[in-house]
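# Structural characterization, general
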Amino acid sequence: MNTDLSIFEPFAKGKQKQAFRGNNAVIYTRVSTKEQAENNMSLETQRKACELYALKCGYSILNYFGGTYESAKSDERKEFNNMLAFVKKSRVQISYIIVYSVDRFSRSGPNAIFIAEQLKKQGILVVSVSQPTDVTTSSGSLQQNIQFIFSEYDNQLRREKSMAGVKEALLRGEWCHGAPTGYDIIRVNGKRQIVVNETGKLLRKAFLWKAQENISNEEAIIRLAKLGLKVTHQRISQILRNPFYCGLISHNMLEGKLLPGNHEALISKELFLTVNGIQNKNAHGYTICEENNEIPLKRFVKCDECGLYMRGYIVQKKKIHYYKCNTKGCNNNKSAKDLNNAFKDILQVFNTPLSPDLEKLLTSQMIATYNQLTEGQKETRTLLMNQQRELSKKMERLEERYIEEELTKDLYIKYFEKYKEEKKEIDKSLNQPENEVSNLELCIEKAISISSNLASTWSSANYSTKQKIQFLLFPDGIRYNKKNNICRTDRFNSIFGYISQLNWDSSKQKSGISTVKFDYSALVGPLGIEPSTY
């Protein structure tokens, strides 16, 4: 029987196949900055060294990649990815990627190791001219991986030093990055300066338009376009909110702080704040004005459905003001003009001019009431002043006894601090403003005049005065019910009701404020004002 086992070799396992490796290669060169690329010295040196290495090793160069500036801290590089796509998809087998040094290939550390391993699985090796290593062996592969890690470490050290320098420059007011739109970077006597250019002058107009005319961003974009400057909506918003334009520096490395910059300010800080106040108000598409005389009932009139205050706003297209409840599902809104007129009609009920005799009687009664209320305050003040004098005497006597050694130091301090605290509380009470009126009769006359002409006084008053009159008359506000189209209130100031009722009684009317039912126009249906005290 034939014992030669060679015939069985086709069935053997684990036989090592001789890997075929061609001599086709590509060259990749790069620098980190634009200045280095423009100088071209480093790129040319890298390319010549790579070509010489390929010649010595007998490699055939099929293509060149790089030849420009790309940061190696990230592998999202255009030329780098073009090179990877070429070697992976080439119809001709590429065996080598030749670089001048490992850090020219990548400084991304673990990611660079991963890319190199994936290339090796496809039969492509990364070889370095200045750091020759046999990457086909385990030790050579380890050495190259260490070089990748050290390249990343070196990159991190450089970044830390660079960032420290950038922070120091920012603290000095120097902007180290590219200039924003509207600025140019120039050098004067070798010193870097950031100055306003022609575009910046146009942007200054946009700031002024916003502040002086309160135009929308869209209108600003249209106006700038007519002047030859095209800006997107997002860009104009960023520009108007950038404090750089008012001479300040904002940067993540400043940890939330703003610092004065050394650059030329495009606008004043006051103008910037004014514009951004407008910007914030226009954030939702309508203008918010805290004191708008067209909507004096906001934060006074409530939704009868949910009990929350109704806000005021303007429909820009119609230029009509409205009151509206913000509660979802209420759908309670009403024309500001109609609701204002309804409230004015309510005031007409209290709008009762007094006869001269009744006015004289009311004035006398109010003076007597005022004196009665303030009499107790005068007595209290006199009592406090007497207590103040007594405490002062006690403190003086305490000092005399301590000097004459009738008291120990501990007892002196104990009682002195006690008297001091008591005197402090009395002084605090005495320093409170008194409710005295220099011309009481004149004040009462004015109060009666206002209360007798509430409707006209309210109509001619400014926003702030209107609010005061509203809450003086209706401390809890009023409620509007859209379903029944009526206004309601739970409580009103009984003083006004008393004056009105007094006038009704004096004129021998059959009904007064306590029985009246407000029934105004088409807007206000039967409006119940229930009398109460205040």
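Residues numbered from 1 in each chain as written. Predicted model: local features only at pLDDT ≥ 70, side-chain atom pairs only at ≥ 80, totals over all residues. Heavy atoms only, no water.

### Here's the deal with the sheet that holds strand β12 (residues 333-335)
Strands sit in the order β10-β11-β12 across an open sheet of three strands; the sheet is antiparallel. The open sheet is flanked by β10 (311-315) and β12, the only strands paired with a single partner. This sheet shows a mean twist of 30 degrees between the axes of neighbouring strands, independent of strand direction. Here β10 runs beside strand β11 (residues 320-324); their pairing, made up of five bridges, is antiparallel. Considered in β11, the bridge of Tyr313 is made with Tyr322. Across the sheet, helix α11 (residues 336-350) touches β11 and β12, and the angle it forms with β12 is around 80 degrees. (Pairing = 2+ DSSP bridges. Helix = DSSP H or I, 4+ residues; strand = E, 2+ residues; numbered from the N terminus. Axes fitted to C-alpha atoms, helices over the stretch in contact; angles between N-to-C directions. Contact = heavy atoms within 4.5 Å.)

### Thoughts on the state of the cysteines
Applying the stated criterion to the full structure yields zero disulfides. Note on Cys330: no disulfide assigned, nearest cysteine sulfur contributed by Cys306 at a separation of 3.9 Å. The exposure class of Cys330 is buried, given its relative accessible area of 18%. (Disulfide = S-S within 2.5 Å. Buried < 20%, exposed > 50% of the residue type's maximum accessible area, 1.4 Å probe, protein only.)

### Side note on the packing of aromatic side chains
Within this structure, the stated rule accounts for 16 aromatic pairs. Between Trp175 and Phe244 the ring centres are 5.5 Å apart and the planes differ by 65 degrees, which places this aromatic pair in the edge-to-face class. Taken together, the residues span a long stretch of sequence, with Trp175 in the loop between α6 (138-171) and β5 (183-188) and Phe244 in the loop between α9 (233-240) and β7 (248-250) at a distance of 69 residues. Both residues of the pair, Trp175 and Phe244, count as buried. With a centroid separation of 6.0 Å and an interplanar angle of 65 degrees, the aromatic rings of Phe343 and Phe474 are classed as edge-to-face. Remark: Phe474 occurs in the loop between α16 (463-473) and β13 (478-481) and Phe343 occurs in helix α11; sequence separation between them is 131 residues. Given the relative accessible area of 0%, Phe474 is considered buried. An aromatic cluster is built from Trp175, Tyr183, Phe207, Phe244 and Tyr245, whose rings are joined through pairwise contacts. One Lys or Arg, Arg47, reaches over the ring of Tyr64 and ends 3.6 Å from the middle of that ring. (Phe/Tyr/Trp six-rings, centres within 6.5 Å; stacked < 30°, edge-to-face > 60°. Lys NZ or Arg CZ within 6 Å of the ring centre and 35° of its normal.)

### Describing helix α3 (residues 78-89)
The end-to-end C-alpha distance of α3, which contains twelve residues, comes to 16 Å, matching closely the 16 Å that a straight helix rising 1.5 Å per residue would cover. Taken as a whole, α3 has its buried residues at Phe80, Met83, Leu84 and Val87. With its buried residues spanning 100 degrees around the axis, α3 presents them on a single face. Summarising the geometry of α3, the exposed residues directed more than 90 degrees from the buried face are Lys78 and Lys89. (Expected span 1.5 Å × (residues − 1). Arc of directions from axis to C-beta.)

### Re the pattern of salt bridges
Evaluated as defined, the whole model comprises eleven salt bridges. Two residues, Glu51 and Arg47, come together in a salt bridge whose shortest N-O distance is 3.2 Å. Remark: Arg47 and Glu51 occur in helix α2 (residues 41-57); sequence separation between them is four residues, near one turn of the helix. The class of Glu51 is partly exposed, set by a relative accessible area of 28%. (Salt bridge = Lys/Arg side-chain N within 4 Å of Asp/Glu carboxyl O.)

### Observations regarding the sheet that holds β13
One open sheet accounts for three strands, arranged β9-β13-β14; its pairing is mixed. Every interior strand has two partners, whereas the edge strands, β9 (301-303) and β14 (486-488), have only one. Each strand axis lies, on average, 35 degrees off the axis of its neighbour in the sheet, ignoring direction. Pairing between β13 and β14: three bridges, direction antiparallel. When the bridges of β14 are listed, Arg479 appears paired with Arg488.

### Points about the side chain of Arg104
As for its placement among the helices and strands, Arg104 is situated in helix α4 (residues 102-105). Under the relative-accessibility criterion, Arg104 is labelled buried at 13%. Of the polar contacts made by the side chain of Arg104, one reaches the side chain of Asp103; its length is 3.4 Å. The contact partners of Arg104, leaving out residues within four places of it in the chain, are Tyr28, Arg30, Val31, Gln46, Arg77 and Val99. (Polar contact = N/O pair within 3.5 Å; in protein donor to acceptor, adjacent residues only side chain to side chain.)

### What about α9?
Every buried residue belonging to α9 is among Ile236, Ile239 and Leu240, and all of these are buried. For α9, the angular spread of the buried residues around the axis is 95 degrees, confining them to a single face.

### Things to note about the packing of helix α7 (residues 198-213) against helix α8 (residues 217-226)
Relative orientation of the contacting elements α7 and α8 amounts to 140 degrees, with a least axis distance of 10 Å. Every pair of crossing elements has a handedness; the one defined by α7 and α8 is right-handed. Note on element contacts: α8 touches α7 through Asn217, Ala220, Arg223 and Leu224, opposite Leu202, Leu203, Ala206, Trp209, Lys210 and Glu213. In the contact of α7 with α8, the residues fall into six nonpolar, one polar and three charged. (Left-handed = near helix turned anticlockwise from the far one by under 90°. Nonpolar A, V, L, I, M, F, W, Y, C, P; charged D, E, K, R; others polar.)

### Some points on a nonpolar patch on the surface
Together, Leu142, Ile146, Phe150, Tyr153 and Leu157 line one region of the surface with nonpolar side chains, adding up to about 490 Å² of accessible area. Positionally, Leu142 belongs in helix α6. (Patch = residues over 30% accessible without salt bridge, like charges linked within 9 Å, V, L, I, M, F, W, Y side chains within 5 Å. Areas by Shrake-Rupley, 256 points an atom, 1.4 Å probe, with all protein chains shown as cover.)

### A word on the pairing of strand β3 (residues 96-99)
Side chains of β3 alternate between two faces, with Tyr96 and Ile98 and Ile97 and Val99 buried alike. Inspection of the sheet shows strand β1 (residues 24-31) paired to β3 by three bridges, in the parallel sense. Across the sheet, residue Val26 finds its bridge partner in β3, namely Ile97. One ladder, built from four bridges, connects β3 with strand β4 (residues 125-128); its direction is parallel. Considered in β4, the bridge of Tyr96 is made with Leu125.

### Focus: the confidence of the model for the protein chain
Taken over all residues, the pLDDT of the protein chain has a mean of 78, while the share at 70 or more is 82%. Ignoring residues within four places in sequence, the model shows residues 283-288, a span with pLDDT below 50, making ten contacts including any to other chains. Note on residues 510-534: pLDDT under 50 across the span, and 71 contacts to partners over four residues away in sequence or across chains. (pLDDT = per-residue confidence, 0-100.)

### Details of the nonpolar core
Counting 32 residues, the largest nonpolar core has Phe207, Leu224 and Leu266 as its most contacted members. At the level of elements, α6, β6 (191-196), α7, α8, α9, β7 and α10 (269-281) are the ones that each hand at least two residues to this core. Top contributing element to this core by residue count: α7, with five residues. Sequence-distant contacts of Phe207, that is, excluding residues within four places in its chain, are made with Ile239, Leu240, Tyr245, Leu266, Ile267, Leu271, Phe272 and Val275. (Core = buried A, V, L, I, M, F, W, Y, C linked by side-chain atoms within 4.5 Å.)

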